Amino acid sequence: MKFEKPLQESLSNLQSFGRLYFTPKQLFYEFCRQLNSPMGIEAKTAASLFGLGAVPTMFLPKHKFKLILTGSLILGGLAFLRNTPHTLSAPISFADFEYLLADYLQTNEIEGLLKIEEKLNFVNKLPADLTLFGLPKVLICETDEIAQMLRANQFHLQTPCAVLSVNEAKPLNKNVKKMLANAEEPQVYFLHNASLEAFSILRNLRETLDLSAEIPLRSLGLRPIHAKRLHLFAQKNVSREFDVSTFEYLDESEKKWLLRGNSAEVSAISPVRLLRVLRRLILGLEIPPSEWQISLPKKSLGFM
């Protein structure tokens, strides 16, 4: 397959917002979006073309009528598909992408591409005098790579929120606990994939973190409904038994989606969108509907 052209288009998209750091997995999903984009037609554009094409057909000769009507129906179908909640299948495997990317990096450099560290030591680097202050919010990420990506983009400095991965917080460092205790209204958030593995972690997360019962622990998502509304790329694994009854905020379709072995990653979300929405959430700002195409009856059940 041709690799360099869609890769350059992916990098152009990611770098068009200014200085941005992203993980190899996030670059992979951006690459998939480039390969999977149907003629680059967005839902609103397709719907508009459908309307413009359908109205004047009654005034045209029969053969032109059929031609334009067919085109309008295709565009209308694209608009309908783009507005219908669903997940996508990746057009290339991550393993194949990694191989092609490694070959590309032998002779090229990619600005903003993170090298994921295996051994994390972020908490131990906190200055001692910082522990004298309160820490109002902590964001726990299921994966190391998302935590590193957020910190690389200075998310923890732009918001009053520390960013740790689950692996860094098993249990929470004593200094982090002290800073949470010093805050007036501390809050801990959990950002996770839409998968049974993530919900398995979530079930015992308070015990894993050794987090005080007085400090609220809030799951942000990803939920299956988020993955569908955002048209994320999803994986299909072997279905298995799992007790999802304790997660009452999941509807029946979401539970069935998970139990059938489906999963979607936070990395599949555009990095810019992820940063923007997380920042608004942590700062308590309103998330415009145009920014995040989903509305849930209870905001506490996930922001995606």
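It should be emphasised that the depicted structure is a prediction, and the values quoted were computed from it without experimental measurement.

Caption draft 1: Quick look at the side chain of Ser-219. Mapped onto the elements of the fold, Ser-219 is located in strand E5 (residues 217-221). Under the relative-accessibility criterion, Ser-219 is labelled buried at 10%. For Ser-219, the side chain forms a polar contact with the side chain of His-192, separated by 2.9 Å.

Caption draft 2: Looking closely at the sheet that holds strand E6 (residues 233-236). In space, the three strands of this open sheet follow the order E1-E6-E7, with mixed pairing throughout. The open sheet has two free edges, formed respectively by strand E1 (88-89) and strand E7 (262-264), since each of these has just one partner strand. Here E1 pairs with E6 via two bridges, running parallel. Note that in E6 the partner of Ser-89 across the bridge is Ala-234.

Caption draft 3: View of the nonpolar core. Counting residues in hydrophobic clusters, the biggest one holds 72 residues, and the most contacted among them are Leu-27, Val-138, Leu-139, Ile-140, Leu-150 and Leu-172. With six residues, helix H13 (residues 271-282) is the largest single contributor of residues to this core. Ile-140 has contacts with Leu-164, Ser-165, Val-166, Ala-169, Leu-172, Val-188, Tyr-189, Phe-190, Leu-191 and Leu-209, leaving out every residue within four places of it along the chain.

Caption draft 4: Just the packing of helix H1 (residues 4-15) against helix H2 (residues 24-36), in detail. Running from amino to carboxyl end, H1 crosses H2 at an angle of 115°, the nearest separation of the two axes being 9 Å. Regarding the angle of H1 to H2, the classification is roughly perpendicular. The handedness of the crossing between H1 and H2 is right-handed. Facing H1, whose interface residues are Pro-6, Leu-7, Glu-9, Ser-10, Leu-11, Asn-13 and Leu-14, H2 presents Leu-27, Glu-30, Phe-31, Gln-34 and Leu-35.

Caption draft 5: Looking closely at unusual backbone geometry. Lys-170 connects to Pro-171 through a cis peptide bond whose omega is -5°. Within the secondary structure layout, Pro-171 lies in the loop between strand E3 (161-165) and helix H8 (174-182). A cis geometry characterises the amide bond from Gly-221 onward to Leu-222, with omega recorded as 25°. Along the chain, Leu-222 turns up in the loop between E5 and helix H11 (224-229). Not every positive phi belongs to a glycine, and Gln-154 is a case in point at roughly 65°.

Caption draft 6: Spotlight on the pairing of strand E2 (residues 137-141). Counting buried positions along E2 gives five out of five residues, so the element sits mostly inside the fold. Side-chain alternation along E2 places Lys-137, Leu-139 and Cys-141 on one buried face and Val-138 and Ile-140 on a second face that is also buried. Two elements, E2 and strand E4 (residues 187-191), share five bridges in a ladder whose sense is parallel. By the bridge assignment, Val-138 is partnered in E4 with Val-188.

Caption draft 7: Examining the pattern of salt bridges more closely. Inspection of every chain in the model, using the stated rule, returns seven salt bridges. Between Arg-33 and Glu-30 there is a salt bridge, and its shortest N-O distance comes to 2.9 Å. Taken as a pair, Arg-33 and Glu-30 lie in helix H2 at a separation of three residues, close to a single helical turn. A relative accessible area of 25% means that Arg-33 is categorised as partly exposed. Of the charged contacts, one joins Lys-255 and Glu-252 as a salt bridge, the two residues approaching to 3.8 Å between their closest N and O atoms. Of the two residues, Lys-255 and Glu-252 are both situated in helix H12 (residues 252-259); the distance of three residues between them amounts to about one turn of the helix.

Caption draft 8: Here's a closer look at the packing of H2 against helix H5 (residues 94-105). For the pair H2 and H5, interaxial distance at closest approach is 10 Å and the crossing angle is 105°. Taken together, the axes of H2 and H5 lie roughly perpendicular to each other. For the pair H2 and H5, contact is made by Pro-24, Lys-25, Leu-27, Phe-28 and Phe-31 and by Phe-94, Phe-97 and Leu-101, respectively. For the contact of H2 with H5, a count of residues per class yields seven nonpolar, no polar and one charged.

Caption draft 9: Fine view of the sheet that holds E2. With parallel pairing, the four strands of this open sheet are ordered in space as E3-E2-E4-E5. The strands lining the two open edges of the sheet, one partner per strand, are E3 and E5. Direction aside, the axes of adjacent strands within the sheet are offset by 25° on average. Here five bridges tie E2 to E3, and the two strands are oriented parallel to one another. Across the sheet, the residue bridging to Val-138 is Ala-162, located in E3. Here helix H6 (residues 144-152) sits on the sheet and contacts E2, E3 and E4; the angle it forms with E3, its principal contact strand, is near 150°.

Caption draft 10: Spotlight on the confidence of the model for the protein. Model confidence for the protein is summarised by a mean pLDDT of 82, while 75% of its residues fall at 70 or above. Within the protein, helix H3 (residues 43-54) has the poorest average pLDDT of any element, 44, and helix H10 (residues 205-209) the best, 97. Low pLDDT, under 50, characterises residues 39-55; the stretch is placed with 20 contacts to residues that sit more than four places away or in other chains. This model gives residues 77-81 a pLDDT under 50, and the stretch forms nine contacts once residues within four places in sequence are excluded.

Rules of the game
Residues numbered from 1 in each chain as written. Predicted model: local features only at pLDDT ≥ 70, side-chain atom pairs only at ≥ 80, totals over all residues. Heavy atoms only, no water. Helix = DSSP H or I, 4+ residues; strand = E, 2+ residues; numbered from the N terminus. Buried < 20%, exposed > 50% of the residue type's maximum accessible area, 1.4 Å probe, protein only. Polar contact = N/O pair within 3.5 Å; in protein donor to acceptor, adjacent residues only side chain to side chain. Pairing = 2+ DSSP bridges. Core = buried A, V, L, I, M, F, W, Y, C linked by side-chain atoms within 4.5 Å. Contact = heavy atoms within 4.5 Å. Axes fitted to C-alpha atoms, helices over the stretch in contact; angles between N-to-C directions. Parallel < 35°, antiparallel > 145°, perpendicular 65-115°, else oblique. Left-handed = near helix turned anticlockwise from the far one by under 90°. Salt bridge = Lys/Arg side-chain N within 4 Å of Asp/Glu carboxyl O. Nonpolar A, V, L, I, M, F, W, Y, C, P; charged D, E, K, R; others polar. pLDDT = per-residue confidence, 0-100.

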